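Secondary and tertiary structure notes
Now for the letters of each chain:
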Amino acid sequence: MNTVAPGNLENAKPLEFPIPSGVFAEKVVSVEHYTDRLFSFRITRPQSFRFRSGEFVMIGLPNAEKPIYRAYSIASPAWDDEIEFYSIKVPDGPLTQHLQKIQPGDTILMRQKPTGTLIVDALTPAKRVYMFATGTGIAPFASLIRDPETYEKFDEIILTNTCRDVADLQYGDNLVRDIVSDPLIGELTEGRLRYVAATTREDYPLMGRITTRVEDGSLFAGLGVEPLNRETDRAMICGSMDMLRDVKALVEKAGLEEGSVSTPGDFVVERAFVG
């Protein structure tokens, strides 16, 4: 892991193109590289910017007259003074090929309207909520598990983090480790936040696709709980398109019905992607 420490934001690079109207222009505060495929970064938060934990926003770079924007889930909770993002690195990605090279002090463009379905208000109350994540799909859950509102609505939060390799789990591992000592919500998580990390390619104590572990019941057996039940369980799903489709089919098979911000239900799916 390679961490780029916060720099002097006053010494930001001069902009090559003007800032478009109607967007926030914020400064990169810090950057953390986990692998050659994954990194996170934090930017300053506009004073007027409000969002609900779990939502996403469109971000871009001021490197063209018409900047390219992509949807990024906000990984920081709604109460945070900064905005955090967790990203893949795509060598030829229209945005990420440039975004992965950012340094503290650089400028990030952020559109002003957040949106998304992975918010607790889109779910009806229940005993527990499963947050099914693969890859960078853990980002909105990084926001949600650090928000006291999540613990007001559910007694138990189960975060599943499934990646190909062990190194890919590091962001989630660090997140859950650090949350315990968080002065705002550390006490809320005690005995209530459960973290299930697994790999699909590299050897690890727990291996296998999340769909396999839901289907064969090993996920629930390992947790010591009953399989998905509409009376007690809710679900949030974020990952690749294939993962979204397959996990959605499994929770529907268990009797859960999809909800939305306007019509809360038993599970929600996020369909915004990074590229």
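Refer to the structure above for everything that follows.
Quick summary incoming for the structure in this document.

So, how was this worked out
- Residues numbered from 1 in each chain as written.
- Predicted model: local features only at pLDDT ≥ 70, side-chain atom pairs only at ≥ 80, totals over all residues.
- Heavy atoms only, no water.
- Helix = DSSP H or I, 4+ residues; strand = E, 2+ residues; numbered from the N terminus.
- Rg over C-alpha atoms; globule rule 2.2 N^0.38 Å.
- Buried < 20%, exposed > 50% of the residue type's maximum accessible area, 1.4 Å probe, protein only.
- Contact = heavy atoms within 4.5 Å.
- Areas by Shrake-Rupley, 256 points an atom, 1.4 Å probe, with all protein chains shown as cover.
- Lys, Arg positive; Asp, Glu negative; His and termini not counted.
- Charge placed at Lys NZ, Arg CZ, Asp CG, Glu CD.
- Pairing = 2+ DSSP bridges.
- Axes fitted to C-alpha atoms, helices over the stretch in contact; angles between N-to-C directions.
- Core = buried A, V, L, I, M, F, W, Y, C linked by side-chain atoms within 4.5 Å.
- Expected span 1.5 Å × (residues − 1).
- Arc of directions from axis to C-beta.

It is worth spelling out the overall build of the protein at this point. When its secondary structure is counted, the protein shows eight helices and twelve strands. Taking 2.2 N^0.38 as the reference for a compact globule, 275 residues should give roughly 19 Å; the C-alpha atoms of the protein span a radius of gyration of 18 Å, in line with that estimate. Its C-alpha atoms put the protein at 55 × 40 × 35 Å along the principal axes. Looking at the 275 residues of the protein, the share that counts as buried comes to 52%. Sequence separation of at least 24 residues holds for 73% of the intrachain contacts in the protein that already meet a minimum separation of 6. Of the roughly 12,600 Å² that the protein leaves accessible, carbon and sulfur atoms contribute 49%. Computing the positive centroid from 30 side-chain charges and the negative centroid from 40, the protein places the two 4 Å apart.

Our next topic: the environment of Gly116. Structurally, Gly116 can be placed in the loop between strand 7 (107-111) and strand 8 (128-134). Taking C-alpha positions, Gly116 is 24 Å from Pro20, a pair spaced 96 residues apart along the chain.

The next thing to look at is the environment of Leu61. Here Leu61 shows up in the loop between strand 4 (56-60) and strand 5 (69-73). Distance from Leu61 to Thr263, taken between C-alpha atoms, is 35 Å for residues 202 residues apart in sequence. Look past the residues within four positions of Leu61 in its chain and what remains in contact with it is Pro67, Ile68, Leu95, His98, Leu99, Ile102, Thr107, Ile108 and Leu109.

Turning our eyes to something else, we now look at the sheet that holds strand 9 (residues 156-163). Taken together, the five strands give an open sheet; going across it, the order is 10-9-8-11-12, and neighbouring strands pair in parallel fashion. At either end of the open sheet lies a strand with only one pairing partner, and these are strand 10 (193-199) and strand 12 (267-269). Taken over all neighbouring pairs, the strand axes of this sheet differ in orientation by 10° on average, direction set aside. With seven bridges connecting them, strand 9 and strand 10 associate as parallel partners. If you follow Thr162 over to strand 10, its bridge partner there is Ala198.

This part takes up the side chain of Thr160. Looking at the secondary structure, you find Thr160 in strand 9. Contact partners of Thr160, with chain neighbours within four places excluded, come to Met131, Phe132, Ala133, Val196, Ile210 and Leu219.

Before going further, it helps to examine the nonpolar core. Generally speaking, a soluble globular protein has its nonpolar side chains buried in company with each other. Counting residues in each nonpolar core, the largest one holds 32 residues, and the members touching the most others are Met131, Phe141, Ile145, Ile157 and Met236. Contributions of two or more residues to this core are made by strand 8, helix 2 (139-144), strand 9, helix 4 (170-179) and strand 11 (233-238). In this structure Met236 touches Leu118, Ile119, Val120, Leu123, Val129, Tyr130, Met131, Phe132, Phe141, Leu144 and Val268, once residues within four positions along its chain are discounted. Formed by 21 residues, the second largest nonpolar core is a distinct cluster that contains Phe132, Val196, Ile210 and Met243.

The periodicity of an α-helix, 3.6 residues per turn, causes residues three or four places apart in sequence to face the same way. Taking 1.5 Å as the rise per residue, helix 8 (residues 241-253) with 13 residues should run 18 Å; its terminal C-alpha atoms sit 18 Å apart, in good agreement. By the burial criterion, the buried members of helix 8 are Met243, Leu244, Val247, Leu250 and Val251. All buried residues of helix 8 lie within an arc of 140° about the axis, which places them on one face of the element. Pointing more than 90 degrees away from the buried face of helix 8 are the exposed residues Met241 and Lys253. Where helix 8 is buried, its residues contact strand 8, helix 6 (210-215), strand 11 and strand 12. Just beyond helix 8, the residue with positive phi is Gly255, at close to 100°.

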